[in-house]
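Reading the structure
Chain by chain, the residues:
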Amino acid sequence: MELLKNRILKDAIVIGDSIVKVDSFLNHQLDIELFNEMGKEFKKRFSDENISRILTVEASGIAVACIAAQYFSVPVVFAKKYEALNLDSDTYQSEVYSFTKQKSYNIRVSKKYISPEDNVLIIDDFLANGKAASGLVDIVRQAGARVAGVGIVIEKGFQKGREALMQKGVRIESLAVIKSMKEGIIIFE
Ligand code: 5GP
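Bear in mind that the values here come from a model prediction, so they are computed numbers and not experimental data.

Another point: the side chain of Lys5. The topology assignment puts Lys5 in helix α1 (residues 2-11). We classify Lys5 as buried; its relative accessible area is 18%.

Structural data, given as C-alpha cells:
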C-alpha cells in the first residue's frame, strides 16, 4: 500500500536493527484518514471472505481493527492481556511471548464472543515473530471457529512471523512488508 509505505519512509524511526517506532501515526497519535484507507484495503484484500468477526489484541491492535471493522460491518473482539475481576471467568487463553517487552503473558477472550460458526479476521499493527498472531489463531481454533486470515499493517519480513503463521496454514495480508532496515534505512519488499 503506497500511501502507508510513503508514510513509513517519512515518519518511522528505526531503533537498533529490528524495532520500528511509528508513534506519530500508528501507535500513539493515530492518523484516522490513513486508518480509513488501511480499513478499505483490508476489506478489498479479504473481499472473497465472509468475515463475521475481527479479532485483535490490546492495546495497539484495537484502533486499526475498529476502523477496519466499519468496512466489514462486523464486531471487533480484542483479547485482554491483563487479569481483571470484571472479565468473564470462562475464557479461551493462550500464552504469548512479547518481542518488544521480552516477556510472556496470557491473552484471554471470553467464550461468549467467538463461536464455532465464526469466520474470523485477525488484525494487528505489526508482525515480527508471529507470537501475538499465533496466540490469536490458537484462541479462534479453541473456539472451533475458522481463521479467514491475518491482516497486518507493518510486517517485518526479516523476522520469523510469516513462516510461523504459514506453518499453521494461515493466510497473511500485510499492507507494508519491510525487507530490511540496516543503518536506519528502510527497504520494502
Ligand atoms: P510478534 O508477536 O509478531 O513477535 O510481535 C508483534 C507484536 O509486537 C505487535 O502486536 C506489536 O505490538 C509488537 N511489535 C513487534 N515489533 C514491533 C516494532 O518493530 N514496532 C512496534 N511499534 N511494535 C512492534
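Further remarks concern the layout of surface pockets. Estimates place the volume of the largest pocket at around 700 Å³. If you go around the largest pocket, you meet 30 residues; those closest to its centre are Ser60, Ser98, Thr100, Asp125 and Phe126. Looking at which element gives the most residues to the lining of the largest pocket, the answer is strand β7 (residues 119-127), with four residues. When grouped by side-chain class, the residues that make up the lining of the largest pocket number 14 nonpolar, seven polar and nine charged. What lines the second largest pocket is Val76, Val77, Phe78, Lys80, Asn86, Leu87, Asp88, Arg108, Val109, Ser110, Lys112 and Tyr113. Of all elements in the fold, only β4 (76-79) and β6 (103-110) reach the threshold of two or more residues within the lining of the second largest pocket. Its residues assigned to classes, the lining of the second largest pocket comprises six nonpolar, two polar and four charged.

Viewed as axis vectors pointing N to C, helix α3 (residues 32-45) and helix α4 (residues 62-72) meet at an angle of 55°, and their least axial separation amounts to 8 Å. In terms of their interaxial angle, α3 and α4 are classed as oblique. Two packed elements cross with a definite hand, and for α3 against α4 that hand is right-handed. Side by side, α3 and α4 meet where Ile32, Phe35, Asn36, Met38, Gly39, Lys40, Phe42 and Lys43 of the first sit next to Ala63, Val64, Ile67, Ala68, Gln70, Tyr71 and Phe72 of the second. Class assignment for the residues of the contact of α3 with α4 results in 10 nonpolar, three polar and two charged.

Reading the values: rules and limits
- Residues numbered from 1 in each chain as written.
- Predicted model: local features only at pLDDT ≥ 70, side-chain atom pairs only at ≥ 80, totals over all residues.
- Heavy atoms only, no water.
- Helix = DSSP H or I, 4+ residues; strand = E, 2+ residues; numbered from the N terminus.
- Buried < 20%, exposed > 50% of the residue type's maximum accessible area, 1.4 Å probe, protein only.
- 1 Å grid on protein atoms, 1.4 Å probe; cavity = no way out; pocket = protein on both sides within 12 Å on 5 of 7 lines; lining within 4 Å.
- Points joined across faces, edges and corners; volume = space filled by probe spheres on them.
- Nonpolar A, V, L, I, M, F, W, Y, C, P; charged D, E, K, R; others polar.
- Axes fitted to C-alpha atoms, helices over the stretch in contact; angles between N-to-C directions.
- Parallel < 35°, antiparallel > 145°, perpendicular 65-115°, else oblique.
- Left-handed = near helix turned anticlockwise from the far one by under 90°.
- Contact = heavy atoms within 4.5 Å.

It is worth stressing that arrangement in space is one thing and function is another; only the former is reported here.
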